[in-house]
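Remarks on the overall topology
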Amino acid sequence: MLRHPLATSSPKNIKSYVGKKISYHLYIHDTIVRYANKSRRAIAVNGQIPMPTLYFTEGDTAEIYAHNELNEETSLHFHGLILPNKEDGVPYLTQLPIKPHTAHVYTFPIIQHGTHWYHSHSGLQEQIGMYGNFVMNKKPDDTTFTLGIDDIPAIPIILSEWTNYKPENIHRMLHNASDWFAIKKNATQSYAEAIQQGYIGTKLKNEWKRMLAMDVSDVYYDKILINGQNKTYITKINDRPIQAGDKIRLRISNGGASSYFWITFSGGKFRIVASDGNDIQPTEVDRLIVAVSETYDIIVSIKDSNTIYELLATAEDRTQSASYYIGNGSLKASASLSKLNYFEGMKMMNDMMRMNGRLDDMGMKMSLNQMDMNVVMYPEITGSRKSKQSNQYPNRYDANAIGPIVTMNYAMMKATLNTRLPDSSRLREFKLELSGNMNRYVWSIDDRVVSESEKIIIKKNEKVRLIIYNGSMMRHPMHLHGHDFRLINGTGDYAPLKNIIDIMPMETDTLEFLANHEGDWFFHCHILYHMMSGMGRVFTYQDQAANPLIPDPRFAWKKLGNEDRRFHFMAANDFATNGNDGMAMLQNTRWSIATEWRLGFQNVHGYEIETHIGRYIGRMQWWMPFVGYDWRYRAHGEHHEKNWFGQINTKNNRALFSAGFDYTLPMLVKFQTEVFIDGNVRLQVYREDIPLSKRLRAAFMYNTDKEYMVGFNYITGKNLGISAHYDSDMGWGTGLMVRY
């Protein structure tokens, strides 16, 4: 019988709750929405976004019919639920995808309570509407039922974000290092901005260490939503007007694809009573940040019958927010969060990063979100444009130590029940490092993506301990399917139970769980674009029974890994007055296939096409060996030039194979060595997209064939720019730059 690992029996003198079979029919179909002034495709379920809230009571049996009316495959994953593996909803891991115009039924017992949610685990469907609340109430006879918490009105809230861009295009742009989202956020951190704000030394040091500009969240979103709306008003509870003295429980789930959300309330402090569906001892705070996929239950208090209080959900990058208004009368707004000081964040990054790309913890023991490296960017905490905190101050990144605002962190959580795992269980310990490369948008664990890894084998009834270090420059909300884990936070036997933990850069966190649910269970970053890039692992039980829904496990495993092996296309072309200059590239986690062309309008300007096929090597992927082919023609008569090495230069007439490598130098300059089959050698240095100002980019190139180029591009739109450049072969030119 499937059972929660910490389930307890009810007292004999209380009548036990008799569970029911609760059935839902969910019809998944395409729709058109207009959240941000443009009509865009979305996916609705039963005609709505978010998906319908599903309600159960612990002890019930869920029967959920998913009717796929799309012209593509889909699935449903029930986030945080402890259920049979074949009901977990991960395509090619626990089931085959639900084919278009077919149906699939999920059936499982409800053996827990709390605030959870559900979403598609197919492709990027979660980004465009496939998410919804999943609420499991306590049994009336539950011994943990608490007055003032479990008996007050409760409202499920799901946070999300909307973008007018297709999520597939977002994924492609992220892999191609587009800075369009930074432009939209006003967060380019260009040289001009650095000079203007007094941070030019910080900017130069940042690029000397081969880092891109400071990034808080990956994607610019057009709208933030609470239960599918940017603004929502609630004036009644239990069919009566909200009044002074009311307490309301808000069941908050972050159903966003990649956004963290700050939660603040204009009515003052609020109490947190549960996280990831598990009760914690009530903790009063001014604000909390909800990681992607995380859930919190909070209780807000209404102090005045004639006041409307604002619950404000602000995206971590502070570009957008959504409001949930509670009460009647005059509005009391929640204070908006000020713009981030990105250059202070860049300065912090410079201190953290060594020249080899590894992080330096600067002597701090970081864990449990107690040290928020981003605190230097928060004006409401630091109180000044430039941080005055000394690098020797031990609490310089602890928001609760340096400011008056109380911010929730994991060290403040304490379970209401003893969560100690059985002492008799054998301990199995794993150490994992979260790794990544923001420049190429590669996210991994121990420098391997899912397709490059093997399943982690555990045994039933083992106590599994995970010690996780975040060696990347981004925070990662790591989610374990099918189990609750104890978060080791210094509270001993009362360590809180969770199924997702947000791990900040340089943090080391320890969690443990009892291996008592056989199956193949996904453990992954819940930032959708990180997961799709390969940041995950699979835990599997030794000698477990076969999953009847996966008839060909080898084929299914290969299909699961296809996502992070996928190639992403990019192209650019400068339609200039002196010729046509462009490139096209296909690249994935490890491989790059790129072609460049320079086509003059006259024979004297010449024609050239170069193709390189390379594989990125190393943790930071700064080095890429390649093989190539170079074809070029230029009408310069019998005149032959020599290169730097005294070799006859064949750049006027060349059709040769080659081998070489690219290497990223400090200042993000690329150094290329290429040896052609005729023995000629060419060395080249170049850089593109130098951020002179918010929208103005510069580029340069010089090589030992005595070719050189300098150019400028003013970005006017996501795909367009105005260019001007000088090329040693083609001369001066201006034109229209088109990018994809």
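Below is a summary of the structure that appears in this document. (Residues numbered from 1 in each chain as written. Predicted model: local features only at pLDDT ≥ 70, side-chain atom pairs only at ≥ 80, totals over all residues. Heavy atoms only, no water.)

**Structural notes on the sheet that holds strand β5 (residues 77-79)**
Strand order in the open sheet made by the four strands is β3-β8-β7-β5, with mixed pairing throughout. Two strands in the sheet have a free side with no partner beyond their single neighbour: β3 (51-57) and β5. Taking the axes of each pair of neighbouring strands and ignoring which way they run, one obtains an average angle of 25° across the sheet. Relative to strand β8 (residues 131-137), β3 runs parallel, the two being bridged by five bridges. Bridge assignment links F56 to a residue of β8, and that residue is M136. (Pairing = 2+ DSSP bridges. Helix = DSSP H or I, 4+ residues; strand = E, 2+ residues; numbered from the N terminus. Axes fitted to C-alpha atoms, helices over the stretch in contact; angles between N-to-C directions.)

**What about the pairing of strand β23 (residues 427-437)?**
Among the eleven residues that make up β23, eight are buried, leaving the element largely enclosed by the rest of the structure. By the bridge criterion, eight bridges tie β23 to strand β26 (residues 463-470) in an arrangement that is parallel. Within the sheet, the bridge partner assigned to E429 lies in β26 and is R465. Here β23 runs beside strand β24 (residues 442-445); their pairing, made up of four bridges, is antiparallel. Across the sheet, the residue bridging to S435 is S444, located in β24. The turn linking β23 back onto β24 is made up of four residues, and Y441 within it adopts a positive phi angle of 55°. (Buried < 20%, exposed > 50% of the residue type's maximum accessible area, 1.4 Å probe, protein only.)

**Side note on the nonpolar core**
For soluble globular proteins, the rule of thumb is that nonpolar side chains tend to be buried together. One finds I64, F134 and I298 to be the most contacted residues of the largest nonpolar core, which totals 155 residues. For this core, the element with the most residues is helix α5 (residues 342-352), which contributes six residues. Dropping the residues within four chain positions of it, I64 is found in contact with Y24, L26, L54, F56, L76, F78, H104, V105, Y106, F108 and F134. (Core = buried A, V, L, I, M, F, W, Y, C linked by side-chain atoms within 4.5 Å. Contact = heavy atoms within 4.5 Å.)

**Here's the deal with the packing of helix α4 (residues 200-208) against α5**
The interhelical angle for the contact between α4 and α5, taken along N-to-C directions, is 45°, at an axis separation of 9 Å. The angle between α4 and α5 places the two elements in the oblique class. α5 is crossed by α4, and the crossing has left-handed handedness. Judged by residue contacts, T202, K203, K205 and N206 of α4 engage F343, M346, K347, M349, N350 and D351 from α5. In terms of residue class, the contact of α4 with α5 is made up of three nonpolar, three polar and four charged. (Parallel < 35°, antiparallel > 145°, perpendicular 65-115°, else oblique. Left-handed = near helix turned anticlockwise from the far one by under 90°. Nonpolar A, V, L, I, M, F, W, Y, C, P; charged D, E, K, R; others polar.)

Geometric values such as these leave the question of function open.
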